[in-house]
Amino acid sequence: MSSADDDVVREQIRYYQARAGEYDEWFLRQGRYDRGAEANARWRAEVAQVVARLDAFLAARGNGGAALELAAGTGLWTQRLAPHFDHLTAVDASPEALAINRERLGAAADRVTFEVADLFTWRPERRYDLVFFSFWLSHVPPERFAGFWALVGACLAPGGAAFLIDSRYDAFSTARDHQLEGEGATQVTRRLNDGAEYRIVKVFYSPERLRAALADLGWRAEISATPTYFLAGHAAPTASSSGVSL
C-alpha cells in the first residue's frame, strides 16, 4: 500500500478515537446532525427498517454460537447482537469507543470479549458463525477492499455469514457543517464539535456495485437499500472460495 494510504488510515483511527464521546450524536440525530423534524423522522424510520432486517436474519439463524463484530464502536449494534450468541468478540481501534460500548452493555458485557486493534493488521484466533460490521466498509480504502474480505472469510466458520450495514450517499446523512465531495470520492474531511478536522476514507456503495464487487471475490450477497440513507444485507463465500486464509 502507498504511504498516503497508510497516512489516511492512521488519521482515520485518530479521528474515531477523538470522536468516541460524540459519535452517538450522529446516529441519534443530535447537535450538528439534527436535520429537522422531517429528515430526522425519515432517518429513524429507515433505521427501523435496517434493524428489522438484522433481527430477521438473526431469528432465521437461531441463537447460539459465536459472533465477531468489527469496528464495534460505542455498542449501538453490539447490544443487539449480544443476546443472540453464546459469545461475542468486539474489535475496534478506539479504546475510548469500546469503553462506552462496555458501559452501554451493562451485565451483558460479561459475554463479550473487547479487543483494541487496528482492523487492517488484526488477525482472528478462532472462527465465528457471524461476522458483523456497521458503517465500517465505507471506511476501507478501495485498495484494501479485497484484503478486508479475505479477512472476513478467514474469520468465518464453515456455513457462517457476514452481515453489514452502511451509509448511502446523501448530504443529510452527515453533519450540517460537513461537505460531501461527490459520490465517486473516496475520502472526506470530517470535523469534530471542537472544530478539529481530519481526513478519512469514505467510499459509498450502491447495492448493485457492492454485490458485483463481492461476486468478483467469490462471495454471494443479498444487499438492499432503504429509500435514502442505508444499505444492509448479508454475504457468504461460495463453496469454491470458502476456507480463505491470510
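First, a word on what this report is: a plain description of the structure on this page. (Residues numbered from 1 in each chain as written. Predicted model: local features only at pLDDT ≥ 70, side-chain atom pairs only at ≥ 80, totals over all residues. Heavy atoms only, no water.)

This next bit is on the packing of aromatic side chains. Tallied over the entire structure, the rule returns 23 aromatic pairs. Ring centres of W43 and F230 lie 4.9 Å apart, and the angle between their planes is 70°; this geometry places the pair in the edge-to-face category. Residue W43 is located in helix α3 (residues 37-61), and its partner F230 is located in strand β9 (residues 230-237); the two are separated by 187 residues in the primary sequence. Relative accessible area serves as the criterion here: at 0%, W43 is assigned to the buried category. When the centroid spacing of 5.8 Å and the interplanar angle of 40° are considered together, the rings of F145 and Y205 count as tilted. Taken together, the residues F145 in helix α6 (residues 145-155) and Y205 in the loop between β7 (197-201) and α7 (207-216) connect sequence positions 60 residues apart. (Phe/Tyr/Trp six-rings, centres within 6.5 Å; stacked < 30°, edge-to-face > 60°. Helix = DSSP H or I, 4+ residues; strand = E, 2+ residues; numbered from the N terminus. Buried < 20%, exposed > 50% of the residue type's maximum accessible area, 1.4 Å probe, protein only.)

Tracing the backbone through its elements, the reader meets Q12 in helix α1 (residues 3-19). Judged by its relative accessible area of 3%, Q12 falls in the buried class. Sequence spacing of Q12 and I200 is 188 residues, and the spatial spacing of their C-alpha atoms is 4.9 Å. Setting aside its immediate chain neighbours within four residues, Q12 contacts W136, H139, R199, I200 and V201. (Contact = heavy atoms within 4.5 Å.)

Of note, T226 is situated in the loop between β8 (219-225) and β9. Side chain to side chain, T226 and E46 meet in a polar contact 2.6 Å long. When residues no more than four places from it in sequence are discounted, the contact partners of T226 are E46, Q49, V50, R53 and R168. (Polar contact = N/O pair within 3.5 Å; in protein donor to acceptor, adjacent residues only side chain to side chain.)

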